[in-house]
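# A look at the structure
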Amino acid sequence: ELVGFAAFCLLPLYVAGSLLYPMRVRALALPRRLFACSFSLSLCLLLLVLLDVGELLSATTRAALWRASLLAHLSLLVLWLPLAQIALLLRRTTGVSVSRAVGLAAPPLLAWLYAFYRIGDPFPVDDSAVVASDSLSAVLHLCLNRAGIIGVAVTAVMSGTGAVSAPAAALSRKLRPVGEAELRA
């Protein structure tokens, strides 16, 4: 079941994600592959939710697929995407080789990982029960908590910006300019 899921679900979704990435964008193959991986892993999690609702796979298989997909997606979001962004930024600004850019990206990546770990400290996240469990579950739980904190904060900022700018944009389209004659009257 695991091999079939990977062959008939992940691979076609990866291909679809690579086709959705705009071809007109002049970019290296790495951003296109990372987008395709993120796209396929996101839809894989959605498919696993639907399989859970329909109870189409056994519970142990669904749980194993869920953990593997979640681990892959969190590692992509927390580790590989920031590393690629920092390395590509260094490569484009300094013109160094790819291997040198990855080496130069290590200190900022470590700073990002430290900041990512510390972001959960001010919030009431109960990590005591997780630390007592196996290490993979603990890492998944801690990463998911911190990614959720960042996701909620970004969503709140974007929603607040939209809530403020949408009425102003709608009103500016409806209101007509005031002329000199109307001002004098």
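Here the residue numbers are simple positions, counted from 1 along each chain's written sequence. It should be noted that, the model being predicted, local features are given only for residues of pLDDT at least 70 and side-chain atom pairs only at 80 or more, the latter also being counted only at that level, while totals for whole chains, interfaces and linings use all residues. Think of the side-chain values as coming from all heavy atoms in the structure, minus any hydrogens and water.

## Overview of the confidence of the model for the protein chain
The pLDDT score gives, residue by residue, the confidence of the prediction method on a 0 to 100 scale. Looking at the protein chain, pLDDT values average 80 and 82% of them are 70 or higher. Helix and strand definitions follow DSSP, with helices as H or I runs of at least four residues and strands as E runs of at least two, each counted in order from the N terminus. Mean pLDDT across the elements of the protein chain bottoms out in helix H5 (residues 128–131) (58) and peaks in helix H4 (residues 98–118) (90).

## Comments concerning the nonpolar core
Formed by Leu45, Leu70, Leu74, Val78, Phe116, Leu140 and Cys143, the largest nonpolar core amounts to seven residues. Breaking this core down by element, the ones donating at least two residues are helix H3 (59–94) and helix H6 (135–174). Of the residues forming this core, the biggest block, three residues, is contributed by H3. Among all residues touching Val78, those that are not within four sequence positions of it are Trp112, Leu113 and Phe116. To form a nonpolar core, buried Ala, Val, Leu, Ile, Met, Phe, Trp, Tyr and Cys residues must be joined to one another through side-chain atoms within 4.5 Å. Each residue's exposure class comes from its accessible area (1.4 Å probe, protein chains only) as a fraction of the maximum for that residue type: buried when under 20%, exposed when over 50%, partly exposed otherwise. Counting six residues, the second largest nonpolar core, distinct from the first, contains Leu83, Ile86, Ala87 and Ala105. Whether two residues touch is decided by their heavy atoms; if any such pair falls within 4.5 Å, the residues are in contact.

## Digging into the side chain of Ser69
On the secondary structure map, Ser69 appears in helix H3. Sequence-distant contacts of Ser69, that is, excluding residues within four places in its chain, are made with Leu41, Cys44, Leu45 and Leu48.

## Overview of the packing of aromatic side chains
Centre-to-centre distance and the angle between the planes together describe a pair of aromatic rings. Stacked, edge-to-face and tilted are the three classes for Phe, Tyr and Trp ring pairs, Trp counted by its six-membered ring, which pair at centre distances within 6.5 Å; planes under 30 degrees apart are stacked, over 60 edge-to-face, the rest tilted. If you walk through the whole model with that rule in mind, you get one aromatic pair. Their ring planes at 45 degrees and their centres at 5.4 Å tell us that Trp112 and Phe116 sit as a pair that is tilted. With a gap of four residues between them, Trp112 and Phe116 both fall in helix H4, about one helical turn apart. Looking at Arg146, its charged tip hangs above the ring of Tyr117, at a distance of 5.1 Å from the centre. Lysine and arginine charges are scored as sitting over a ring when NZ or CZ, respectively, is within 6 Å of the ring centre and within 35 degrees of the ring normal.

## Considering the packing of H3 against H6
To get an axis, fit a line to the C-alpha atoms, keeping to the stretch in contact for a helix; angles then go from 0 to 180 degrees between the N-to-C directions. Between H3 and H6, the least distance of the axes is 10 Å, while the angle of their chain directions is 55 degrees. Between H3 and H6, the angle falls in the class oblique. Considering how the two elements wind past one another, H3 and H6 form a crossing that is left-handed. Residues Arg67, Leu70, Leu71 and Leu74 of H3 form the contact with H6, whose own contacting residues are Leu136, Ser137, Leu140, Cys143, Leu144 and Ala147. Of the residues that constitute the contact of H3 with H6, the class distribution is eight nonpolar, one polar and one charged. By definition in this entry, angles of less than 35 degrees are roughly parallel, angles greater than 145 are roughly antiparallel, angles of 65 to 115 are roughly perpendicular, and the rest are oblique. We call a crossing left-handed when the near helix sits turned anticlockwise from the far one by less than a right angle, and right-handed when that turn is clockwise. Side-chain classes follow a simple rule in which Ala, Val, Leu, Ile, Met, Phe, Trp, Tyr, Cys and Pro form the nonpolar group, Asp, Glu, Lys and Arg form the charged group, and the remainder, Gly included, forms the polar group.

## A word on helix H2 (residues 29–54)
Counted at 1.5 Å a residue, the expected span for H2 with its 26 residues is 38 Å, and the 37 Å between its end C-alpha atoms agrees. Where H2 terminates, the next one or two residues include Glu55, which has phi positive at roughly 50 degrees. Any helix carries an expected span of 1.5 Å times its number of residues minus one.

## Some thoughts on the pattern of salt bridges
Each reported salt bridge corresponds to a side-chain nitrogen of Lys or Arg within 4 Å of a carboxyl oxygen of Asp or Glu. Counted by the stated rule, this structure contains one salt bridge. Here Asp52 makes a salt bridge to Arg62, at a shortest N to O gap of 3.1 Å. Of this pair, Asp52 sits in helix H2 while Arg62 sits in helix H3, and the two are 10 residues apart along the sequence. What makes Asp52 partly exposed here is its relative accessible area of 42%.

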